[in-house]
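One letter stands for each residue in the lines below.
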Amino acid sequence: MLSCPAKNLLQWRFRSLNKIHTMSTLTLLSNQKLFDGQHHQYQHASNTTHCTMTFSVYLPPQADENNKVPALYFLSGLTCTDENFSVKSGAQRWAAKHGIALIMPDTSPRGDEVPDDLEDDYAFGQGAGFYVNATQKPWNKHFNMYDYVVSELPGLIEQNLPISDVKSIFGHSMGGHGALMIALRNSSAYKSVSAFSPIVNPVETPWGQKAFYNYLGDHLPTWLQYDACHLVTQGNNQLPMLIDQGLDDQFLETELLTDNFIEAADSVGYQATINKHEGYNHSYFFITSFIESHLAFHAKHLC
């Protein structure tokens, strides 16, 4: 039984009795009806980040006891939680249309026991996990967001909700970095990948260099395994890929480096669709403007 008020219990109790105990790993925090589907926020004790993690799930109206729907994971950017994309993007409308579940994890481990940046730098520490597995103390106990997104969270989702193991991934900014990097490293696990304003070459940027040095130490080969510009040249299977970038983005020339990725992809003939948009910046206004096309892109490959 879920540890939450009875009025908030899940409506799809289709698990056999010998499997219902697995739901005890999830605590339902909130439940909203949205576009005839259900938007849930959960907490659970994570085995990879060793703290309580929060994530949101949107289940479209097509998800029921007889129909497991495919999943689209969204990775958010610096300072965000699972709620930024949930509230601001409008993605649920299009997920409902296409019959796709949205999975929205937090951007890092959190809590009093989790270390944070002593200089209060928003681009490092809590809220800025960069989707890596940290190897350096004190970060290595909790900052294992790569394993969390790639393994632990999908396992939890697929075990407990009417969601299949067919999945794609996308993200924004730091989350765009995470989505591209994870998909390129695990090309057989995802049907497609897309990104808004991604950090594509973190080993060459101030944000990426500070995060990687502290999380991973000074060993460059360890950094490169989390850099999309490096990974795209390694000859992995090509995934359908879409990137949208605003040309009025204040971080474009210092932190995002979109042209570096275009050059790297072109060097190996990687077929990625990369759109540049005049007048758009780094905000959620940009994401909302193009979210419909990203959901349609993924639906073509998921459904």
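In what follows, the structure referred to is the one given above.
Draft legend 1. Just helix H3 (residues 145–160), in detail. Of all the bends found along H3, the most pronounced is centred on Glu152 and spans about 35°, while Pro154, a proline, follows it within four residues. Among the residues of H3, Met145, Tyr146, Tyr148, Val149, Val150, Glu152, Leu153, Pro154, Leu156, Ile157 and Asn160 are the ones counted as buried.

Draft legend 2. Representation of the sheet that holds strand E2 (residues 37–45). Reading across from one edge, E1-E2-E3-E5-E4-E6-E7-E8-E9 is the order of the nine strands in this open sheet, with mixed pairing throughout. Whereas interior strands pair on both sides, the edge strands pair on one side only; in this sheet they are strand E1 (27–34) and strand E9 (272–277). In this sheet, neighbouring strand axes are inclined to one another by 20° on average, regardless of whether the strands run parallel or antiparallel. Relative to strand E3 (residues 52–59), E2 is paired through eight bridges, and the arrangement is antiparallel. Residue Ala45 lies in a different strand from E3, and its bridge partner there is Thr52. Here helix H4 (residues 174–185) sits on the sheet in contact with strand E4 (69–75), strand E6 (163–172), strand E7 (193–196) and strand E8 (241–246), set at roughly 135° to E6.

Draft legend 3. Representation of the packing of aromatic side chains within the structure. This structure, assessed with the given rule, holds 20 aromatic pairs. Consider the rings of Phe170 and Phe196, whose centres lie 6.4 Å apart with planes at 50°: the pair is tilted. Of the two residues, Phe170 is situated in strand E6 and Phe196 in strand E7; the sequence distance between them amounts to 26 residues. Put simply, the rings of Phe74, Phe85, Phe170, Phe196, Tyr280, Phe286 and Phe290 pair up and form one aromatic cluster. A cation over a ring is seen here: Arg185 above Tyr146, with NZ or CZ 4.3 Å from the ring centre. When the ring centre of Tyr226 is taken as origin, the NZ or CZ atom of Arg185, which lies over that ring, is 5.0 Å away.

Conventions and cut-offs
- Residues numbered from 1 in each chain as written.
- Predicted model: local features only at pLDDT ≥ 70, side-chain atom pairs only at ≥ 80, totals over all residues.
- Heavy atoms only, no water.
- Bend = angle between axes of the 7 residues up to and from the residue.
- Helix = DSSP H or I, 4+ residues; strand = E, 2+ residues; numbered from the N terminus.
- Buried < 20%, exposed > 50% of the residue type's maximum accessible area, 1.4 Å probe, protein only.
- Pairing = 2+ DSSP bridges.
- Axes fitted to C-alpha atoms, helices over the stretch in contact; angles between N-to-C directions.
- Contact = heavy atoms within 4.5 Å.
- Phe/Tyr/Trp six-rings, centres within 6.5 Å; stacked < 30°, edge-to-face > 60°.
- Lys NZ or Arg CZ within 6 Å of the ring centre and 35° of its normal.

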